[in-house]
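Structural features, examined
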Amino acid sequence: MLDKNIISVKGVGKKYSEIFAQNGIHTIEDLIMYFPRGYDFINSSSVKSVFEGIVTEVLRDVSVRKNLVITTIKLRNDSGRNAKLIYFNKPYMKHSFILGNRYKVYGTFKETKNYVEILNGEKIKDFASEIVPKYKTIKGIGSTYLISVMNTVINEINLEENLPREIIERRSLLSLNDAVINIHFPKDKASLEEAINRFKYQELMYFFVKTRLLKNKLNRKEKGIKYKIFTQELIDLKESLDFSLTGDQNKAIKQILIEQKTEDSINRLLQGDVGSGKTIVAFITIFNVLLNGYKACMIVPTEILAVQHYNEALKLFEKFNIKVRLLVGSVKDKEKKSIKEELKGEEPILLIGTHAVLEDDVEIYKLGYIVFDEQHRFGVSQRSKLIHKGKGENCDVLVMTATPIPRTLFLYIYNDMDISSIKELPSNRKKVETIHVKSEDKDSIYEILKKEIDKGGQCYMVCPLIEENEKLDLTSVESLYEELKSSPLSHYKIDILHGKMDNKTKNEVMDKFKNGDVDILISTTVIEVGISVANATVMVIQNAERFGLSQIHQLRGRIGRGSKEGTCVLVTNSMNSVTRKRISTLLSSNDGFYLAEQDLKIRGSGDVFGYKQHGDTGFVFADIINDIDILRKVREDIDYIDSLNTTEIQEFYINVQRKLDTIDKTICFN
Ligand code: ADP
Ligand code: MG
């Protein structure tokens with residue numbers, strides 16, 4: 001029944017089925033997965049859209065034109081107000097209202113002088129409930145019509161359970177069928193909650209099973225790549241650096257190399273605060289993979305960062321005769337084509353790129369190692385997509401992040417990954433002093449910038465907006481540029497950088513900044529991720545109240561990277577108690593981990609994981625922070641069903657496996 005075309009539903013003709021189809025609803029399954037976005041609790045205070053009265057008249061049907069019959073019923077309520085119920089092409093409606101009887105009707109109201117007009121009103125008793133679902137509107141389909149179609153379908157569904165029976169019983173969860181019924185037409189608030197709870201459980205369960213399956217896939221021993229360790233070459237590479245590695249960096253490198261030596265494939269997270277030097281750990285371990293004749297791929301979230309890593313890699317590997325290639329959107333087509341050809345070949349190559357690398361026509365022969373930089377920007381599905389590029393052999397995966405996720409939470413989510421941490425910063429890392437300045441106090445800001453530039457330093461100024469916006473009292477990149485042009489700083493070299501510029505221009509500006517041809521770079525947070533310019537010493541953050549703590553910490557991690565100390569200036573114009581608290585937290589702590597936790601307390605999980613990530617995991621109902629209790633149960637249950645190892649459980653896993661590709665569809669709606 002589920003895969004039947006929607007046209008088979010009573011009351012859905014060709015016209016409506018086409019509109020449904022245009023909105024992605026082709027089958028009955030699609031329709032029932034079109035979950036409400038909210039509900040009208042019509043018993044409560046929102047009684048505006050309900051009319052209760054006695055039927056005073058049932059008018060004769062009127063044929064307005066071919067294919068359009070209008071049926072009208074009149075009601076009067078206790079205070080004498082009249083309503084006209086109007087139905088299009090539903091002549092049968094006149095039989096469901098009996099003259100003199102009292103009805104409660106819900107629908108779209110239009111107030112006229114003499115009447116309340118109610119289009120396609122529904123009798124409330126039709127829902128056996130006073131909770132009415134609210135769906136995301138579909139153009140061309142009225143909400144009452146949608147509700148009635150949904151009602152027809154829901155009354156007939158008989159869905160197969162998609163969680164193991166043991167789990168349903170153990171946790172007293174609603175069956176899938178009841179949960180779907182209740183999510184559309186809940187009898188009361190309690191049954192709605194039960195339904196939501198069941199879907200939360202389901203999402204989290206699928207998420208964990210999915211990661212587990214992915215991990216099993218990665219870790220099938222016979223398929224892992226066993227690398228030789230090129231000790232001397234690795235030592236040569238390390239010695240070519242103009243700094244010595246920190247203890248934690250060496251430890252992380254060692255952990256990865258040990259794993260490279262074994263048959264097991266690597267699935268490791270490298271966690272380290274901004275500036276802790278994760279990139280070099282990646283490069284050194286990549287080097288060994290390349291020496292073994294395999295290819296490696298480093299994926300980063302922005303083009304600027306890709307270019308930066310590319311240049312670093314070129315410099316680092318120059319003496320070692322290693323091919324490094326850059327694959328990003330702005331690379332010319334001809335060059336892209338030739339890189340893609342090379343990737344199909346035998347030669348070891350380090351490929352650095354953005355999501356452009358994920359495109360289907362990029363085939364990488366002998367891909368042995370993938371490194372994701374700043375991994376929180378990538379969703380789960382993007383990751384698995386890339387891993388599948390390896391084809392044949394299981395490649396190793398290293399994800400690097402500077403946004404530490406609070407420990408407890410982290411363990412729940414990445415339960416299947418090994419972790420390396422870089423806690424100590426390179427000893428030459430210079431202190432960054434953070435200060436707070438009110439936006440009126442422009443002179444002090446100018447003074448700080450002037451002093452630094454005259455000493456030979458360079459400055460970033462970060463704004464929350466690109467262009468002026470009348471509705472928001474925030475500093476924009478463009479307005480700040482204008483301001484500085486007519487300020488005591490006007491004689492300095494000032495340039496701008498933001499996301500609306502094309503990639504080529506962005507790279508040019510960044511190059512100029514790196515070469516010291518720009519003194520003050522005004523930008524949006526495009527510079528937040530990973531950018532490294534050793535000579536930059538000042539970071540001014542405009543409207544600092546608008547940014548998250550972790551984000552500001554990332555931003556100030558951009559300075560103090562060279563031999564000079566840095567200053568981070570937090571500029572605010574509003575100072576409510578929350579802002580004050582946040583600013584003082586930033587002034588007093590330089591611990592990215594602590595700040596991430598504070599952030600979480602203030603802002604909730606969505607921002608930390610990034611909206612995209614949320615979508616990619618397919619969580620619609622579940623919230624990793626607030627549903628930690630369910631999360632805990634799910635983890636327990638997975639161990640429990642694993643221990644049962646019945647055929648039913650095996651089938652469940654096979655089922656999930658099969659659904660992996662469509663999982664987002666089955667648990668993501670609207
Ligand atoms: P992050 O961990 O934030 O990605 P990077 O890898 O970009 O940090 O490193 C920041 C800067 O520190 C780079 O310029 C890098 O060359 C340098 N660096 C890395 N390790 C060390 C070290 N042990 N000593 C000195 N400088 C280092
Ligand atoms: Mg980095």
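See the structure shown above.
These notes cover the structure that comes with them. Because the structure is a prediction, the values reported are computed rather than measured.

This paragraph deals with the environment of Arg635. As for its placement among the helices and strands, Arg635 is situated in helix α22 (residues 628-644). The partly exposed category is assigned to Arg635, whose relative accessible area is 29%. In this structure the C-alpha to C-alpha distance between Arg635 and Leu204, which are 431 residues apart in sequence, comes to 9.0 Å.

One can describe the packing of helix α10 (residues 303-317) onto helix α16 (residues 503-514) by two numbers: an axis separation of 10 Å at closest approach and a directional angle of 50°. Taken as axis vectors, α10 and α16 run oblique relative to one another. Pair α10 / α16 crosses with right-handed handedness. Facing Glu303, Ile304, Val307 and Gln308 of α10, the residues of α16 in contact are Asn503, Lys506, Asn507, Met510 and Lys514.

On to the sheet that holds strand β19 (residues 520-523). Strand order in the open sheet formed by six strands is β16-β21-β20-β17-β19-β18, with parallel pairing between adjacent strands. Two strands close off the open sheet at either side, each with one partner strand: β16 (432-438) and β18 (494-497). Taken over all neighbouring pairs, the strand axes of this sheet differ in orientation by 20° on average, direction set aside. Bridge analysis of β16 against strand β21 (residues 566-572) gives seven bridges, and the strand direction is parallel.

What follows covers the pairing of strand β10 (residues 295-299). Among the five residues in β10, five count as buried, and that is most of the element. Relative to strand β13 (residues 367-372), β10 runs parallel, the two being bridged by five bridges. Bridge pairing in β13 links Met298 to Val371. As paired strands, β10 and strand β12 (residues 349-353) are joined by four bridges and run parallel to one another. By the bridge assignment, Ala296 is partnered in β12 with Leu350.

What follows covers the pattern of salt bridges. Side-chain pairing between opposite charges can occur once the charged atoms of the two side chains come close. Under the defined criterion, the tally for this structure stands at 25 salt bridges. A salt bridge links Arg268 to Glu259; the nearest nitrogen and oxygen atoms lie 3.0 Å apart. Residue Arg268 is classed as buried on the basis of its relative accessible area, which comes to 7%. Note that Lys340 and Asp361 form a salt bridge whose closest N and O atoms lie 2.8 Å from each other. Note that Lys340 is positioned in helix α11 (residues 333-344) and Asp361 in the loop between β12 and β13, a separation of 21 residues in sequence. For Lys340, a relative accessible area of 15% translates into the label buried. Of the residues examined, Asp361 reaches a relative accessible area of 41% and is grouped as partly exposed. Sharing partners across several salt bridges, the network here consists of Arg170, Arg171, Glu636 and Asp637.

A complete count under the given rule lists zero disulfides for this structure. Free cysteine Cys297: the closest other cysteine sulfur is in Cys395, separated by 8.9 Å. Cys297 gets classed as buried once you look at its relative accessible area, which sits at 0%.

Before going further, it helps to examine unusual backbone geometry. Negative phi values dominate among residues other than glycine, just as trans dominates among peptide bonds. Non-glycine residue Asn67 carries a positive phi angle of around 75°. If you trace the backbone, Asn67 turns up in the loop between β3 (62-65) and β4 (68-76). Residues other than glycine seldom take positive phi values, yet Asn543 does so here, at roughly 50°. In this structure, Asn543 sits in the loop between β20 (536-541) and α17 (549-556).

The next thing to look at is the layout of surface pockets. Its volume calculated, the largest pocket comes out at about 1,200 Å³. Together, 38 residues line the largest pocket, and Asp242, Phe243, Glu312, Ser532 and Arg561 are the ones closest to its centre. Counting residues per element, the lining of the largest pocket draws most heavily on α10, at seven residues. In terms of residue class, the lining of the largest pocket is made up of 10 nonpolar, 16 polar and 12 charged.

Let us look at the nonpolar core. Of all hydrophobic cores here, the largest spans 45 residues; its most connected members are Phe283, Phe317, Leu350 and Ile352. Top element by residues in this core is helix α9 (residues 278-291). It accounts for nine residues. Sequence-distant contacts of Phe283, defined by excluding residues within four places in its chain, comprise Met298, His309, Glu312, Ala313, Leu316, Phe317, Leu350 and Ile352. Within the second largest apolar cluster, 40 residues are counted, among which are Ile147, Val153, Val180 and Phe199.

Turning our attention to the site of ligand 1. Within the structure, ligand 1 sits among 17 residues, and Gln249, Gly275, Lys278, Thr279 and Arg429 are positioned closest to it. Gln249 places a polar side-chain atom, nitrogen or oxygen, 2.9 Å from a nitrogen atom of ligand 1. Interatomic distance of 3.0 Å between a backbone N/O atom of Gly277 and an oxygen atom of ligand 1. Surface burial for ligand 1 is 88%, taken as the share of its 560 Å² of free accessible area covered by protein chains. Judged by the proximity of its atoms to the pocket grid, ligand 1 belongs to the largest pocket. Classifying every residue of the shell around ligand 1 by side-chain character gives four nonpolar, nine polar and four charged.

What follows concerns the pairing of β19. Remember that side chains alternate between the two faces of the sheet whenever the strand is regular. Both faces of β19 are covered, namely the face carrying Ile520 and Ile522 and the face carrying Leu521 and Ser523. As defined by bridge partners, strand β17 (residues 458-462) adjoins β19 across four bridges and the pair is classed as parallel. By the bridge assignment, Val462 is partnered in β19 with Ser523. Running through α16, the crossover from β18 to the neighbouring parallel element β19 is right-handed.

Moving on, we come to the packing of aromatic side chains. Scanning all chains against the criterion turns up 12 aromatic pairs. With a centroid separation of 6.1 Å and an interplanar angle of 55°, the aromatic rings of Phe35 and Phe621 are classed as tilted. With Phe35 in the loop between α2 (28-32) and β1 (38-41) and Phe621 in the loop between α21 (611-617) and α22, this pair connects stretches of sequence that are 586 residues apart. Look at Phe35 and you get buried, because its relative accessible area is 1%. For the ring pair Tyr87 and Phe97, a centre distance of 6.4 Å and an interplane angle of 35° mean the geometry is tilted. Placement of Tyr87 in strand β5 (residues 82-88) and of Phe97 in the loop between β5 and β6 (102-111) is noted, with a sequence separation of 10 residues between them. As far as the burial class goes, Tyr87 and Phe97 line up, both buried. A network of ring pairs unites the aromatic residues Phe283, Phe287, Phe317 and Phe320 as a single cluster. Lys228 extends its terminal NZ or CZ atom over the ring of Phe230, reaching a point 4.3 Å from the ring centre. Residue placement shows Lys366 over the ring face of Tyr294; its charged tip is 4.7 Å from the ring centre.

What counts and what doesn't
Residues numbered from 1 in each chain as written. Chains lettered and ligands numbered in written order. Predicted model: local features only at pLDDT ≥ 70, side-chain atom pairs only at ≥ 80, totals over all residues. Heavy atoms only, no water. Helix = DSSP H or I, 4+ residues; strand = E, 2+ residues; numbered from the N terminus. Buried < 20%, exposed > 50% of the residue type's maximum accessible area, 1.4 Å probe, protein only. Axes fitted to C-alpha atoms, helices over the stretch in contact; angles between N-to-C directions. Parallel < 35°, antiparallel > 145°, perpendicular 65-115°, else oblique. Left-handed = near helix turned anticlockwise from the far one by under 90°. Contact = heavy atoms within 4.5 Å. Pairing = 2+ DSSP bridges. Salt bridge = Lys/Arg side-chain N within 4 Å of Asp/Glu carboxyl O. Disulfide = S-S within 2.5 Å. 1 Å grid on protein atoms, 1.4 Å probe; cavity = no way out; pocket = protein on both sides within 12 Å on 5 of 7 lines; lining within 4 Å. Points joined across faces, edges and corners; volume = space filled by probe spheres on them. Nonpolar A, V, L, I, M, F, W, Y, C, P; charged D, E, K, R; others polar. Core = buried A, V, L, I, M, F, W, Y, C linked by side-chain atoms within 4.5 Å. Near = heavy atom within 4 Å. Polar contact = N/O pair within 3.5 Å; in protein donor to acceptor, adjacent residues only side chain to side chain. Areas by Shrake-Rupley, 256 points an atom, 1.4 Å probe, with all protein chains shown as cover. Sits in = over half its atoms within 2 Å of the grid points. Right-handed = clockwise from strand over helix to strand, strands pointing away. Phe/Tyr/Trp six-rings, centres within 6.5 Å; stacked < 30°, edge-to-face > 60°. Lys NZ or Arg CZ within 6 Å of the ring centre and 35° of its normal.

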